[in-house]
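Chain by chain, the residues:
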Amino acid sequence: MATTMKLYYRIDPASYRERMEQVKQKFGMHEEVDEDNTFLTLDDESRIELVRGNYDPTTDETAHVRVVIHDESLREFFDSVFGEPYKVR
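Residues numbered from 1 in each chain as written. Predicted model: local features only at pLDDT ≥ 70, side-chain atom pairs only at ≥ 80, totals over all residues. Heavy atoms only, no water.

Trainee: What's the story with the packing of aromatic side chains in this structure? I'm lost.
Mentor: Two measures describe an aromatic ring pair: the distance that separates the ring centres and the angle between the ring planes. Following the criterion strictly, the structure yields 7 aromatic pairs and no others. Between F27 and F77 the ring centres are 5.3 Å apart and the planes differ by 90°, which places this aromatic pair in the edge-to-face class. With a gap of 50 residues between them, F27 in helix α1 (residues 16-27) and F77 in helix α2 (residues 75-82) connect regions that are remote in the sequence. Each member of the pair, F27 as well as F77, is classed as buried. On the basis of an interplanar angle of 20° and a centroid distance of 5.9 Å, the ring pair of F27 and F78 is categorised as stacked. With F27 in helix α1 and F78 in helix α2, this residue pair connects regions lying 51 residues apart in the sequence. For K26, the ring lying beneath its charged end belongs to F27, and the centroid distance is 6.0 Å. One cation-aromatic arrangement involves K87 over Y8; the distance from NZ or CZ to the ring centre is 4.8 Å. (Phe/Tyr/Trp six-rings, centres within 6.5 Å; stacked < 30°, edge-to-face > 60°. Helix = DSSP H or I, 4+ residues; strand = E, 2+ residues; numbered from the N terminus. Buried < 20%, exposed > 50% of the residue type's maximum accessible area, 1.4 Å probe, protein only. Lys NZ or Arg CZ within 6 Å of the ring centre and 35° of its normal.)

Trainee: Could you clarify how one ought to interpret the environment of H30 in this entry?
Mentor: If you trace the backbone, H30 turns up in strand β2 (residues 30-34). Residue H30 is classed as partly exposed on the basis of its relative accessible area, which comes to 39%. Sequence-wise, H30 and L42 are 12 residues apart; in three dimensions their C-alpha atoms are separated by 6.2 Å. Ignoring any residue separated from it by four or fewer positions in sequence, one finds H30 in contact with F39, L40, T41, L42 and D43. (Contact = heavy atoms within 4.5 Å.)

Rendered as structure tokens:
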């Protein structure tokens, strides 16, 4: 049985778009942008449920990314892109 893991990252806004694009390209994800939120999703959520980025350049000094995965082996990739998570659930 797959375990759900939620990873929370704080990243430098200067590299926010580039890092989100890297994840989108790697997995062929769909992107939806709603104001200061960016959602990356797949049709098949068995391994990756959601990658959500949140950054408002007018008020935020840090971009926040939440990743919900069902395949723990993917954590290494996300850590390599976004750095060490500040919270794991």
